[in-house]
Amino acid sequence: MVSKCWERNPTRGSKNPSDSGNEELREVLQLRPIHLTVVVGTLAGATTLLISGLTLVDFGYESSSLHVALETVIAAISIIAAHLVHGRFRQSQALSDLVLFYALAAIAVTNLLFAALPAALGKAYPDGFATWVPPAAAVVGSSLLLLAAVAPAMRVELTSLRNLDRLAAATILLAIAIASAGLIAGDRRPAVGPAFSAGHWSLDALRSHPDVFINILVALLLFAAGALFARRAEESGEELMTWLAAGSIVAGFARFNFFFFPTLYSNWISTGDILRVAFYVLLFIGTAREITAYQERAAASAVLDERRRMARDLHDGLAQELAYISGQAKRLSSLTAEFADNHIQLEYLAAAAERALGESRRAIAALTLPMHEPLHVALAQEAEEVAVRIGLRLDLSLDPTIEVDPATRDTLVRIVREAVSNAGRHGHAGQISVELKNGEGLHLRVVDDGEGFDPVIPVTRGFGLVSMQERAKALGGEFRLASQPGCGTEIEIVIP
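Below is a summary of the structure that appears in this document. The structure presented is a predicted model; accordingly, all values stated were derived computationally and were not measured.

## Focus: the overall build of the protein chain
Alright, step 1. The helix and strand inventory of the protein chain stands at 14 helices and nine strands.
Alright, step 2. Burial analysis of the protein chain (496 residues in total) assigns 44% to the buried set.
Alright, step 3. Sequence separation of at least 24 residues holds for 75% of the intrachain contacts in the protein chain that already meet a minimum separation of 6.
Alright, step 4. Carbon and sulfur atoms make up 61% of the accessible area of the protein chain, which amounts to about 25,400 Å² in all.

Have a look at this one:
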């Protein structure tokens, strides 16, 4: 550590208790994906148990207009969700996203052809068709959703993608053709009545409807998909996976409700329909938040690209010219050493060019800095760069938990650069320490073992010190300076 021979009494302390309390509150309010999935699944399961299992409430409402509106909204949401996931796949080109798109597309087509369209037309498919085709389509959609939860994130080759797209397009066209033929041959919609209501449910009523048992298979597939999506969300931290996990569990309970009251293709509205709507609402929220996050990332990437372009222009233009001027001025200074006046003027010119070159390098470093780089990383990189260039031994003690906005981070980085540069160039220090910690506010300290100076004498307070003081003041902070001839210098910035 850098030793000092003056007495100082800076403000010290541990982490602000109020900040710690706020962090703990945020941790409590921010549920992990597995916890959110369990909470949502518990609510859906309790609803299923109370209404369909224990039959405490015999819930069932017949309304053709409500059913049409419900199926139309569900079909629209499923199509939008599939479209948004396809946009995600276009960016990632990952197999897992492609399978997820196919799963949502299959679910969207199933809803459109076998629920929304018949409800809007007021027609039903022939008995054999209606018994097995829609449930089989539901099994395909849920199976693809389960496959999407376990598919690897490997990149899809262009040739394979084209073949898969052709196969998917052919499958959709075939489904549309079959559904159209079925609707043309069909009659009025059936009305599933009290034999399937929660209060009158019995195995005898199911003997003539064996297709209802398929709902159990679909529910199990959805439960498995929900569990795997939750695990994937825990591992990757992807928010979309969290919403898919919760939604899949809700959809599983919706299918389980349809086992007791299979109203999916009738004019009756039951608990399963409400849970099915909840699944699509969760799916829509997840995909909408995904596209919002993508837009934010795209905007940040565009800003960073522009900053890097400006940095390249500065480096290739201004910085190169300043480096040439500085080098030539130093060369001329050495050649005209016998002429004292010219020698001094050339030294001033060289010093000015050196300062301008240093400023251009600071601008380049600031522009190439990632928008959301942590404060401790930015300070460490800046201090190490200057210390290596000047030849200083550097001691860093930086708290990685401190977070500030980008503007504050850039200002503190400039202060550290100026302080380290001054310690080496003017204080002739051999070792310097940079410390960042949280006490009663943010504390940034730069201490060197250089020659030191008397801060009371105005002539010793150069522009660099004034600049650091003004930057600290602009942040609403306090600039503290402690120095003494022969005892080094300490600079401290305190931001409340």
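There is more to say, and it comes next.
## Regarding the nonpolar core
Alright, step 1. Core analysis: the biggest nonpolar cluster contains 51 residues, and Leu100, Leu145 and Phe229 have the highest contact counts within it.
Alright, step 2. Elements supplying a minimum of two residues to this core: α2 (33–53), α3 (64–92), α4 (95–121), α5 (127–150), α8 (214–236), α9 (239–260) and α10 (271–335).
Alright, step 3. At eleven residues, α9 tops the list of elements feeding residues into this core.
Alright, step 4. Those residues in contact with leucine 100, other than ones at most four positions away along the chain, are Val85, Leu145, Ala148, Phe229, Leu240, Met241 and Leu244.
Alright, step 5. Grouped together as the second largest cluster of nonpolar side chains are 32 residues, Val386, Leu412, Leu465 and Ile491 included.

## Some points on the sheet that holds strand β6 (residues 431–439)
Alright, step 1. Reading across from one edge, β5-β6-β7-β9-β8 is the order of the five strands in this open sheet, with mixed pairing throughout. Every other strand in the sheet has two partners, leaving β5 (393–398) and β8 (478–483) as the edge strands with one partner each. The sheet shows a mean angle of 10° between the axes of neighbouring strands, taken without regard to direction.
Alright, step 2. Two elements, strand β7 (residues 441–448) and strand β9 (residues 489–495), share seven bridges in a ladder whose sense is antiparallel.

## A few points about the pattern of salt bridges
Alright, step 1. Taken as a whole, this structure holds eleven salt bridges when the rule is applied.
Alright, step 2. Linking arginine 232 and glutamate 238 is a salt bridge whose minimum nitrogen-to-oxygen distance equals 3.9 Å.
Alright, step 3. Among the residues examined, glutamate 238 registers a relative accessible area of 24% and is labelled partly exposed.
Alright, step 4. With a shortest N-O distance of 3.3 Å, arginine 480 and glutamate 478 are connected by a salt bridge.
Alright, step 5. Several salt bridges share partner residues, and in doing so they unite Arg88, Asp97, Arg232 and Glu238 into one network.

## Observations regarding unusual backbone geometry
Alright, step 1. Positioned with a positive phi, glutamine 93 is a non-glycine residue whose angle comes to about 55°.
Alright, step 2. As for its position among the elements, glutamine 93 is in the loop between α3 and α4.
Alright, step 3. With a relative accessible area of 17%, glutamine 93 lands in the buried category.
Alright, step 4. Backbone geometry at histidine 428 places phi at a positive 50°, although glycine is not the residue there.
Alright, step 5. Relative to the helices and strands, histidine 428 is located in the loop between α13 (406–425) and β6.

Rules and cut-offs
- Numbering of residues starts from 1 in each chain and follows the order in which that chain's sequence is written.
- Local features in this predicted model are restricted to residues whose pLDDT is 70 or higher, and side-chain atom pairs enter the listing and the counts only when it is 80 or higher, whereas totals over whole chains, interfaces and linings include all residues.
- As a rule here, side-chain values cover all heavy atoms of the structure and leave hydrogens and water aside.
- Runs of E in the DSSP output that reach at least two residues are strands. Runs of H or I that reach at least four are helices, and both are numbered from the N terminus.
- Each residue is assigned to one of three classes by its accessible area relative to the maximum for its type, calculated with a 1.4 Å probe on protein chains only: buried under 20%, partly exposed between the two thresholds, exposed over 50%.
- The contact criterion used throughout is that any non-hydrogen atoms of two residues lie within 4.5 Å.
- Every accessible area reported is derived by Shrake-Rupley at a probe size of 1.4 Å, with residue values counting cover from the shown protein chains alone.
- The set of buried Ala, Val, Leu, Ile, Met, Phe, Trp, Tyr and Cys residues whose side-chain atoms join them within 4.5 Å is what this entry labels a nonpolar core.
- When DSSP finds two or more bridges between two strands, those strands count as paired.
- Fitted lines through C-alpha atoms serve as axes, helices being fitted only where they are in contact, and the angles separating the N-to-C directions of these axes extend from 0 to 180 degrees.
- We define a salt bridge as a side-chain nitrogen of Lys or Arg found within 4 Å of a carboxyl oxygen belonging to Asp or Glu.

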